[in-house]
Amino acid sequence: MNRVPLEKKVLSENDRLAGELRERFREHGVLCLNLISSPGAGKTTLLERTLEGFPKDARVAVLTGDIQTDNDARRLARWGFPARQITTGGACHLDARMIERGLEGWRLEDLDLLFIENVGNLVCPASYDLGEAAKIVVLSVAEGEDKPLKYPSIFFKSALLVLNKVDLLPYVPFDLAQARENARRVHPEMEIVEVSCVSGSGLDQWQSWLARQREGMAVA
Ligand SMILES: Nc1nc2c(ncn2[C@@H]2O[C@H](COP(=O)(O)OP(=O)(O)OP(=O)(O)O)[C@@H](O)[C@H]2O)c(=O)[nH]1
Ligand SMILES: [Mg+2]
């Protein structure tokens with residue numbers, strides 16, 4: 001079998017499993033969000049700041065993917081919510097089967113919110129549905145405002161762009177207006193929040209976006 005049919009088969013099997021996961025999340029009222037970015041844009045830090053702001057009894061859990069190490073799960077576990085590492089051992093993205101296995105032993109009826117932190121990569125994760133309600137792409141201002149044009153698939157498929165590290169704007173030549181325009185050129189309806197996980201600026205907008213998604217789930 002040549003490469004293209006094999007890839008199609010893998011993706012259609014993934015879509016089938018992702019559909020089952022989406023149905024399980026829907027049945028149990030779990031909002032599942034899939035965070036994607038290049039390595040180091042700040043996914044784990046954004047999740048740390050988010051978990052830090054939640055009440056202790058929040059029904060939230062995190063699955064976090066990396067090629068090697070359980071560093072991120074250890075960082076995220078400090079807030080006392082369930083956090084589990086998925087180590088892909090080489091694969092540059094998470095897939096639906098990994099999520100299914102990652103959830104083993106967790107009761108979805110005990111959760112309202114599940115964050116998935118994908119492997120740091122702007123390309124491969126765009127092709128793999130994980131059953132999430134929405135993909136979120138994180139882009140840091142150190143990466144260049146052209147990224148939505150160079151990696152359009154992930155910007156097209158994500159409901160929200162989190163522009164992170166805005167505290168670095170005085171030190172890096174990043175054109176914020178151009179970045180927004182590039183993102184909207186690829187995805188005109190995309191929502192955009194500008195945050196700094198270091199100074200905390202803009203995190204209220206991120207929290208409001210999250211709250212709106214949760215309200216949207218409740219009325220669906
Ligand atoms: N200045 C600044 N640094 C930040 C901000 N957010 C994250 N960082 C730093 O950026 C680096 C990478 O952050 P991570 O949260 O580990 O990034 P990540 O996207 O989870 O990385 P991978 O999991 O390896 O893909 C760390 O040194 C963070 O402290 C921010 O808003 N401003
Ligand atoms: Mg991380």
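Residues numbered from 1 in each chain as written. Chains lettered and ligands numbered in written order. Predicted model: local features only at pLDDT ≥ 70, side-chain atom pairs only at ≥ 80, totals over all residues. Heavy atoms only, no water.

*Asks:* Sorry if this is basic, but what is going on with the overall build of the protein here?
*Replies:* Within the protein, the regular secondary structure consists of eight helices and seven strands. Here the C-alpha atoms of the protein give a radius of gyration of 17 Å, agreeing with the 17 Å that 2.2 N^0.38 yields for 220 residues. Of all 220 residues assigned to the protein, the portion counted as buried reaches 48%. Carbon and sulfur atoms form 52% of the exposed surface of the protein, whose accessible area is close to 10500 Å². Separation of charge centres in the protein, based on 28 positive and 32 negative side chains, amounts to 3 Å. (Helix = DSSP H or I, 4+ residues; strand = E, 2+ residues; numbered from the N terminus. Rg over C-alpha atoms; globule rule 2.2 N^0.38 Å. Buried < 20%, exposed > 50% of the residue type's maximum accessible area, 1.4 Å probe, protein only. Areas by Shrake-Rupley, 256 points an atom, 1.4 Å probe, with all protein chains shown as cover. Lys, Arg positive; Asp, Glu negative; His and termini not counted. Charge placed at Lys NZ, Arg CZ, Asp CG, Glu CD.)

*Asks:* Looking at this structure, I do not really get the coordination of the magnesium ion (ligand 2). What am I missing?
*Replies:* When a metal carries six donors in an octahedron, the ideal angles between them are 90 or 180 degrees, while four donors in a tetrahedron ideally lie at 109.5 degrees. For the magnesium ion (ligand 2), the full set of protein donor atoms is Thr-44 (OG1), Asp-72 (OD) and Glu-117 (OE), at a range of 2.0 to 2.1 Å. Mapping the donors of the magnesium ion (ligand 2) onto the primary sequence gives the spacing T-x27-D-x44-E. Pair noted here: Thr-44 is in helix α2 (residues 43-52) and Asp-72 is in helix α3 (residues 71-77), with a separation of 28 residues, a long-range link. Exposure class is identical for Thr-44 and Asp-72. Each is buried. (Donors = N, O, S within 2.8 Å, 3.2 Å for Na, K, Ca; no water.)

*Asks:* What am I meant to see in the pattern of salt bridges here?
*Replies:* Pairing between side chains of opposite charge can happen when their charged atoms approach one another. A full pass over the atoms with the stated rule returns 18 salt bridges. We note a salt bridge from Glu-23 to Arg-26, for which the minimum N-O separation is 2.7 Å. Placement of both Glu-23 and Arg-26 in helix α1 (residues 3-27) is noted, with a separation of three residues, approximately one turn of the helix. The partner of Lys-150 in a salt bridge is Asp-146, and the shortest N-O contact between them spans 3.9 Å. Owing to a relative accessible area of 29%, Asp-146 belongs among the partly exposed residues under this scheme. (Salt bridge = Lys/Arg side-chain N within 4 Å of Asp/Glu carboxyl O.)

*Asks:* I keep staring at the site of ligand 1 and nothing clicks. Help me out?
*Replies:* Of all residues adjacent to ligand 1, which total 19 residues, the nearest are Lys-43, Thr-44, Thr-45, Asp-167 and Cys-197. Between ligand 1 and the protein, one listed contact pairs an oxygen atom with a side-chain N or O atom of Asn-164 at 3.1 Å. Lys-165 places a polar side-chain atom, nitrogen or oxygen, 3.0 Å from an oxygen atom of ligand 1. Protein burial of ligand 1: of its 660 Å² of free accessible surface, 73% is covered by the chains. Only α2 and α3 provide two or more residues apiece to the shell around ligand 1. In terms of residues, the shell around ligand 1 owes the most to one element, α2, which gives three residues. For the shell around ligand 1, the per-class residue count stands at five nonpolar, eight polar and six charged. (Near = heavy atom within 4 Å. Polar contact = N/O pair within 3.5 Å; in protein donor to acceptor, adjacent residues only side chain to side chain. Nonpolar A, V, L, I, M, F, W, Y, C, P; charged D, E, K, R; others polar.)

*Asks:* Before we go on, may I ask you to explain the nonpolar core in this structure?
*Replies:* If you look at the biggest cluster of nonpolar residues, it comprises 28 residues, and the most contacted ones within it are Leu-33, Phe-54, Phe-115, Val-162 and Trp-206. Those elements giving two or more residues to this core turn out to be β1 (31-37), α2, β2 (60-66), β4 (113-117), β5 (134-140), β6 (158-164) and α8 (203-219). Broken down by element, this core gets its largest block of residues, four residues, from α8. Ignoring any residue separated from it by four or fewer positions in sequence, one finds Phe-54 in contact with Val-60, Phe-81, Leu-113, Phe-115, Gln-207, Leu-210 and Arg-214. Core analysis: the second largest hydrophobic core is formed by 21 residues, Phe-25, Val-30, Ile-86 and Trp-106 among them. (Core = buried A, V, L, I, M, F, W, Y, C linked by side-chain atoms within 4.5 Å. Contact = heavy atoms within 4.5 Å.)

*Asks:* Hey, could you run me through the environment of Val-123 in this one?
*Replies:* Inspection of the secondary structure assignment puts Val-123 in the loop between β4 and β5. Classification of Val-123 by relative accessible area gives partly exposed; the value is 47%. Each C-alpha atom, one on Val-123 and one on Pro-170, is 29 Å from the other, the two residues being 47 residues apart in sequence.

*Asks:* How do you make sense of unusual backbone geometry when you look at a structure like this?
*Replies:* The phi torsion at Thr-69 lies on the positive side, around 75 degrees, for a residue other than glycine. Relative to the elements of secondary structure, Thr-69 occurs in the loop between β2 and α3. By relative accessible area, Thr-69 is classed as partly exposed at 40%.

*Asks:* What am I meant to see in the environment of Phe-156 here?
*Replies:* Mapping Phe-156 onto the fold places it in helix α6 (residues 152-157). Here Phe-156 falls in the exposed class, since its relative accessible area comes to 53%. Between the C-alpha atoms of Phe-156 and Ala-126, which are 30 residues apart in sequence, the distance is 9.3 Å.

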